[in-house]
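Now for the letters of each chain:
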Amino acid sequence: MALEDSHVRRAAHLARLAVSDDQASDFVEDLSRILDMVDQLQGVNTDGVAPLAHPLDATQRLRADEVTETDQRDTFQRCAPAVENGLYLVPRVVE
């Protein structure tokens, strides 16, 4: 499918972007090159290639899941305007 100015203007309208006629024709050229590249990539044989989430075989360093602070809920709730059963009471916003 060939990309036309009307397609770019329609997409710009939907995205609420102001695009001049000169810009639309420039975008047609740029987007056409991008779509041509996608077509080239579609032609590549990927049989036997395992999908991957990241190009580098790296693992994320994680900290130990340990409690590092003491429970201070009672201290914080003492200065709250309204508390009930360990929960903060707030004014109703939506009825």
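Here, every reference points to the structure presented above.
Residues numbered from 1 in each chain as written. Predicted model: local features only at pLDDT ≥ 70, side-chain atom pairs only at ≥ 80, totals over all residues. Heavy atoms only, no water.

K.L.:
Got a minute to help me understand the overall build of the protein in this structure?
P.N.:
If you tally the helices and strands in the protein, you get 3 helices and 2 strands. Its helices and strands in sequence order give the protein the pattern α-α-α-β-β, from N to C terminus. Over its C-alpha trace the protein gives a radius of gyration of 28 Å, far above what one expects of a compact globule, namely 12 Å for 95 residues. Principal axes of the C-alpha set define a box for the protein whose edges measure 65 × 45 × 20 Å. When burial is assessed residue by residue, the protein has 7% of its 95 residues classed as buried. If you sum the accessible surface of the protein, you get close to 9,600 Å²; carbon and sulfur atoms cover 54% of it. (Helix = DSSP H or I, 4+ residues; strand = E, 2+ residues; numbered from the N terminus. Rg over C-alpha atoms; globule rule 2.2 N^0.38 Å. Buried < 20%, exposed > 50% of the residue type's maximum accessible area, 1.4 Å probe, protein only. Areas by Shrake-Rupley, 256 points an atom, 1.4 Å probe, with all protein chains shown as cover.)

K.L.:
Hey, could you run me through the side chain of Gln77 in this one?
P.N.:
Structurally, the position occupied by Gln77 is in helix α3 (residues 73–78). On the accessibility criterion, Gln77 (11% relative accessible area) is buried. With residues up to four places along the chain from it excluded, the contact list for Gln77 reads Val83, Gly86, Leu87 and Tyr88. (Contact = heavy atoms within 4.5 Å.)

K.L.:
Would you take a moment to explain the packing of helix α1 (residues 5–14) against helix α2 (residues 21–42) for this structure?
P.N.:
How two helices sit against one another is set out by the angle between their axes and by the gap between those axes. In contact at an axis separation of 9 Å, α1 and α2 are set at 105 degrees when each is read in the N-to-C sense. Relative to α2, α1 is oriented roughly perpendicular. Counted together, Asp5, Val8 and Arg9 of α1 and Asp21, Ala24, Ser25, Phe27, Val28 and Leu31 of α2 form the full contact between these two elements. Grouping the constituent residues of the contact of α1 with α2 by class yields 5 nonpolar, 1 polar and 3 charged. (Axes fitted to C-alpha atoms, helices over the stretch in contact; angles between N-to-C directions. Parallel < 35°, antiparallel > 145°, perpendicular 65-115°, else oblique. Nonpolar A, V, L, I, M, F, W, Y, C, P; charged D, E, K, R; others polar.)

K.L.:
Hey, could you run me through the pattern of salt bridges in this one?
P.N.:
Side chains bearing opposite charge may pair, as long as their charged atoms lie close to each other. Evaluated as defined, the whole model comprises 3 salt bridges. The salt bridge involving Arg9 is made with Asp5; its shortest N-O contact spans 3.7 Å. Highlighted residues: Arg9 and Asp5, both in helix α1, separated by 4 residues, approximately one helical turn. When its relative accessible area of 28% is taken as the criterion, Asp5 is described as partly exposed. (Salt bridge = Lys/Arg side-chain N within 4 Å of Asp/Glu carboxyl O.)

K.L.:
How should I be thinking about a nonpolar patch on the surface in this particular structure?
P.N.:
A cluster of nonpolar side chains, Phe27, Leu31, Ile34 and Val38, forms an exposed patch at the surface whose accessible area comes to about 320 Å². Looking at the secondary structure, you find Leu31 in helix α2. (Patch = residues over 30% accessible without salt bridge, like charges linked within 9 Å, V, L, I, M, F, W, Y side chains within 5 Å.)

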